[in-house]
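Geometric and topological summary
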Amino acid sequence: MKALKTLVGGALVAATFSGAAVAGPTVDAVKAKGYVQCGVNTSLPGFSAPDSQGKWEGLDVDLCRSIAAAVLGDASKTKFSPLTAAQRFTALQSGEIDVLTRNTTWTLTRDTKLGLNFGGVNYYDGQGFMVAKEMGIKSATELSGATVCVEPGTTTELNLADYFRANNMEFSPVVIEDANEAIQAFFAGRCDVYTTDASGLASYRQTSAPNPDDYEILPEIISKEPLGPAVRHGDDEWLDIVAWSLTASLEAEEKGITSANVDQMKGSNDPSIQRLLGVTPGMGEALGLDEAWAYNIIKQVGNYGESYDRNVTQKLGLDRGINALWNKGGLMYPNPAR
């Protein structure tokens, strides 16, 4: 009997670790309906915003399309739910969306109490402040007594209170749920200061200000904001796919694989490139996907650097900074696909 138990136990372990992933509920649902439903910002140019024809574009939008390319083989099989900061977590928890790709900071309480899992970081950011130049303010330490426009339900709101308390300064919050309404309130003079992630400040100053030269982003960065995609707890297979879709785009950039040369790169002798592009099979099976999962991401969406350049650099004028690859002085470090 003991020998039989050992044999059965060994068989179960072998089956558990035998290779192919077992599809989870979200993967099954996505395949059944034929598209990935992504939660995005209501409008944050460079990250997620509709263009003049209503087509969504941005760094976060590209991540959503990468996930669709990996799972369904077609980056266009996506739908987008524009969400405010207050709406985003409920939409994910309730199943209204499959994945949240909306400039969301990875924090301990969100990772635990809110029942979320984060699939990596697709943009390292930090909170800053924007003021009208006519105020003559050059530092955030001069903001005592200011009125500050801020969105509720964000790390921004919490960091704002912490910063002013730590520096023994007073402020009056002007809390507005919709980010577009909040920034317009600032430009209309309803508050002295607007605060959000530095990328958001650059985006709104460039695309929404009546005259961008009339506004200044102060030098202080008061927080760490690792932004990344989030999924629901308890669906590990879906988390794996989301995380490795992001990693594949970073690995492709590191290896010099682009949307233009990916077909040529399938002939590379580099074993890691062969594994990533499915020439050497195994990585797709491990994820429960077609072996062309990463090839489809790169061919249809591009690598991380291509996405960053067309969305963030070209639209907002922001260089890579800490979002450069690890071997270029940044923090982006793709885990090995093997």
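In case you missed it, the structure is sitting above this.
**Some remarks on unusual backbone geometry**
- Even without being glycine, N168 reaches a positive phi, approximately 55°.
- Examined against the element boundaries, N168 turns out to sit in the loop between helix 6 (155–166) and strand 10 (171–175).

**Considering helix 13 (residues 293–300)**
- Here helix 13 lies mainly inside the structure; six of its eight residues are buried.
- Two residues or fewer past helix 13, G302 is found with a positive phi of approximately 100°.

**Observations regarding the nonpolar core**
- Grouped together as the largest cluster of nonpolar side chains are 70 residues, with contacts concentrated most on Y194, W238, I257 and W293.
- Sorting elements by how many residues they give to this core places helix 3 (residues 59–72) first, with nine residues.
- Each residue touching W238, except ones within four places of it in the same chain, is listed here: T26, V27, V30, V36, I67, V71, D98, V99 and V231.
- Counting residues in each nonpolar core, the second largest holds 14 residues, with V131, L143, Y163 and L218 among its members.

**Quick look at the packing of helix 3 against helix 9 (residues 236–254)**
- For the pair helix 3 and helix 9, interaxial distance at closest approach is 9 Å and the crossing angle is 115°. Here helix 3 runs over helix 9; the crossing is right-handed. Across the interface between the two elements, L63, S66, I67, A70 and V71 of helix 3 pack against W238, I241, V242, S245 and L246 of helix 9.
- Residues of the contact of helix 3 with helix 9, tallied by class, amount to eight nonpolar, two polar and no charged.

**Side note on the state of the cysteines**
- Tallied over the entire structure, the rule returns two disulfides.
- The disulfide partner of C38 is C64, and the S-S distance across this bridge is 2.0 Å. Residues C38 and C64 are joined by a disulfide whose S-S torsion is about 85°; by sign, that bridge is right-handed. Placement of the pair is C38 in strand 1 (residues 36–41) and C64 in helix 3, with a sequence separation of 26 residues. Residues C38 and C64 agree in their burial class; the two are buried.
- At a sulfur-sulfur separation of 2.0 Å, the disulfide partner of C149 is C191.

**A few points about helix 6**
- Given a rise of 1.5 Å per residue, twelve residues ought to cover 16 Å, and the 16 Å separating the end C-alpha atoms of helix 6 matches this to within 8%.
- Along helix 6, the residues classified as buried are T155, T156, N159, L160, Y163 and F164. Looking straight down helix 6, one finds that the buried residues subtend no more than 155° of arc, so they occupy a single side. Along helix 6, the residues that are exposed and aim more than 90 degrees away from the buried face are L158 and R165.
- Within two residues after helix 6, N168 carries a phi angle of roughly 55°, on the positive side.

Here is what the cut-offs are and how they apply
Residues numbered from 1 in each chain as written. Predicted model: local features only at pLDDT ≥ 70, side-chain atom pairs only at ≥ 80, totals over all residues. Heavy atoms only, no water. Helix = DSSP H or I, 4+ residues; strand = E, 2+ residues; numbered from the N terminus. Buried < 20%, exposed > 50% of the residue type's maximum accessible area, 1.4 Å probe, protein only. Core = buried A, V, L, I, M, F, W, Y, C linked by side-chain atoms within 4.5 Å. Contact = heavy atoms within 4.5 Å. Axes fitted to C-alpha atoms, helices over the stretch in contact; angles between N-to-C directions. Left-handed = near helix turned anticlockwise from the far one by under 90°. Nonpolar A, V, L, I, M, F, W, Y, C, P; charged D, E, K, R; others polar. Disulfide = S-S within 2.5 Å. Expected span 1.5 Å × (residues − 1). Arc of directions from axis to C-beta.

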